[in-house]
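Residue strings, one per chain:
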Amino acid sequence: MFVPFTVIQTSVLLIPGFFFGASPPILACPQSGGGWDAEHHVNGGFRAYGFGFSLAAVGDVNQDSIPDYAVGSPQATYQDQGQTGAVYLVSGVDGEYLQILYGSSADARFGHSVAALGDLNQDGVTDFAVGEPGYDLMDGEDLIPDVGRVQIFSGANGNRLAQHVGENGGDRFGLAVGNAGDVDRSGKCDLIFAGSAQAGAKLFADRSQRLLAAFEGSWTAVGGMVFDRGSGDSIPVLSSKVQDRTLVWDFDGERPLQEFPGGLDFADAGDLDLDGFGDLLVGDDPCRIWSGATGDLLLSVHGQGRAGFGQSVCLLDRLDAFGLPTFAVAAPQNQDLNRESAGSVFLFSSSNGEQLEIYSAGRSFSYLGSGMVAGSGDAELIVGDPGPSSPKMAGDYRPGKIMFLNPRPWIFCPLDQVSMEAGGLILFDFNFPDSEHGTEKVVLLSYSGPGVTEIGSLQIPLATDPMLMNCLNGNYPEDFFGGRGPLDENGDGSAFFRWWPGLHGGMVGRSLGCAAFSFDPGSGPRRASQAAYVEILP
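Just so it is clear, the model here is predicted, and its values are computed rather than measured.

Trainee: Would you take a moment to explain the sheet that holds strand S27 (residues 325–335) for this structure?
Mentor: The strands that make up a sheet pair up through hydrogen bonds in the backbone, lying either parallel or antiparallel. Spatial strand order, S26-S27-S28-S29: 4 strands in an open sheet with antiparallel pairing. What marks the edges here is a single partner per strand, and that holds for strand S26 (312–319) and strand S29 (355–360). Within the sheet, the average angular offset between the axes of one strand and its neighbour, ignoring direction, is 25 degrees. Sheet analysis places S26 next to S27, joined by 5 bridges and oriented antiparallel. Residue pairing across strands places Leu315 opposite Phe327, the latter belonging to S27.

Trainee: I tried to follow the nonpolar core on my own but got confused; where do I start?
Mentor: The nonpolar side chains of a soluble globular protein tend to be buried with one another. Core analysis: the largest hydrophobic core is formed by 37 residues, its most contacted members being Phe428, Phe430, Leu444, Trp499, Leu512 and Phe517. Elements represented by at least two residues in this core include exactly strand S35 (424–431), strand S36 (440–446), strand S38 (458–460), helix H2 (466–472), strand S41 (492–499), strand S42 (511–520) and strand S44 (532–537). Of all the elements, S42 adds the most residues to this core, at 6 residues. The residues contacting Leu444, other than those within four sequence positions of it, are Ile455, Ile460, Leu462, Leu468, Cys471, Leu472, Gly513, Cys514, Ala515 and Phe517. Membership of the second largest hydrophobic core comes to 16 residues, among which are Leu281, Val301, Val329 and Ala331.

Trainee: Whenever I open this one, the environment of Ser291 confuses me. Can you help?
Mentor: Within the secondary structure, Ser291 is located in the loop between strand S24 (287–290) and strand S25 (297–301). Since its relative accessible area comes to 1%, Ser291 is described here as buried.

Trainee: Just to check I follow, could you spell out unusual backbone geometry for this structure?
Mentor: Backbone geometry places Gln304, a non-glycine residue, at a positive phi of 50 degrees. Take Gln304: it is sitting in the loop between S25 and S26. Assessed through its relative accessible area of 52%, Gln304 is described here as exposed. Despite not being glycine, Trp410 shows a phi value in the positive range, around 70 degrees. In this structure, Trp410 sits in the loop between strand S32 (401–408) and strand S33 (411–412). Owing to a relative accessible area of 8%, Trp410 belongs among the buried residues under this scheme.

Trainee: Would you take a moment to explain the packing of aromatic side chains for this structure?
Mentor: Using the criterion set out here, one finds 15 aromatic pairs in the structure. Relative to Phe348, the ring of Phe327 lies with its centre 5.6 Å away and its plane at 25 degrees, an arrangement referred to as stacked. In this pair, Phe327 is assigned in strand S27 and Phe348 in strand S28 (residues 342–349), connecting sequence segments 21 residues apart. Residue Phe348 is classed as buried on the basis of its relative accessible area, which comes to 3%. When the ring of Tyr476 is compared with that of Phe480, the centres are 5.5 Å apart and the planes differ by 20 degrees; the resulting orientation is stacked.

What counts, and where the lines are drawn
- Residues numbered from 1 in each chain as written.
- Predicted model: local features only at pLDDT ≥ 70, side-chain atom pairs only at ≥ 80, totals over all residues.
- Heavy atoms only, no water.
- Pairing = 2+ DSSP bridges.
- Helix = DSSP H or I, 4+ residues; strand = E, 2+ residues; numbered from the N terminus.
- Axes fitted to C-alpha atoms, helices over the stretch in contact; angles between N-to-C directions.
- Core = buried A, V, L, I, M, F, W, Y, C linked by side-chain atoms within 4.5 Å.
- Buried < 20%, exposed > 50% of the residue type's maximum accessible area, 1.4 Å probe, protein only.
- Contact = heavy atoms within 4.5 Å.
- Phe/Tyr/Trp six-rings, centres within 6.5 Å; stacked < 30°, edge-to-face > 60°.

Structure, rendered in structure tokens:
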């Protein structure tokens, strides 16, 4: 029996990079096509509270040709001391702990932040920095609380290579640490770290750890750039010769400085504007991409009230529809509409800021995305989920974890081109999650390229055109089979287009797009696949 569908809103692609009538993403729809699977995960061990709060890709520490990771656990306990914190070097193969480093004292929060710095001591292994904002300094017989410190460790053996300690109580150095790029043009990565507003931020050279620049108030530097945490405007940007503090360009930041919360993150955005200079992705709300050459704002995306939006960011290898990278922004405190889960990761296009996908924690007392890095090998994205701030919040012991995630399109097509003259068989396989077994698949076709068609609260990643509307009404092109039908016990199904030679000449030069969604007559549209495209050649 035919079931009518209502198209609520559509957005149709007109010119690459520009959308007309684009509708805002709907949180009730977890994906605008496809889903995410956890290839595997690594749980924090006994007393590793907060495991996954911070995360850094440290390269191949154990020389097995697979990247490894530094995982911060700032609430971990050691020898019955309260929340000394710890950092675990984790194998990218099987999650084995390669090294464990602990904080110095109770409440030190060692591992609140971590950053990979490259091979500073030239032993062939990546070294890394760890923030310890709760570190207390003994000055003679006097204890100065919460001065904080940042330590740099060898990735090969865990030996400390250098440290930077705060001077005043409450400086809390180590709330944020980062790789600032090669600011002094020495060929090595430099270190940027920040504390509270009173402490500001400091930029140090790589191996010598010589102070290159110090910034008052709540500022942080990335690759020689300085951003005001309060306004997001760039204040002065220093040239590569940081020592002479040459002003390259600046903007007037008029808003008062705010305390640096340690949640601000930053990542290399590549050369998005193709001017030969690397651009910068800065996590905040809104999350912004800045030109590395001029400081112009290239793009911003807003959190729309999602708690913690921008606490971690990273650039992914996946390209959007216009050939530019996608980027991920985490909102670790975000809750879904039913308040059943906490923490979400949002994927955006760097072409136009369009939200592409959402991955949510799916359980209470999560803090998904507090730490996050781009993956490699069998995982596109690696996210930390440190869980509750204390076991009492969850009612029991619940260690944090890191998850290795990969997207699943739920649609597969062996062909990406077909000749109008030669013809052929275009086969579409659908592999929805097992939970969709017994629901009906509804296949949609479109010849108008990428876009979004909303059916109820579900976003279908196809532009709306007459072919799509005909499919919705059950009127499929001649020789297209399998447009409707139940998904099997594994959530799988198929459809095919018998493309006879010489027919469909009007489609030459276009791409045939196909996507499907699962439909339950009792509850309506449920989940949508991504779109697969087949180019029609002469």
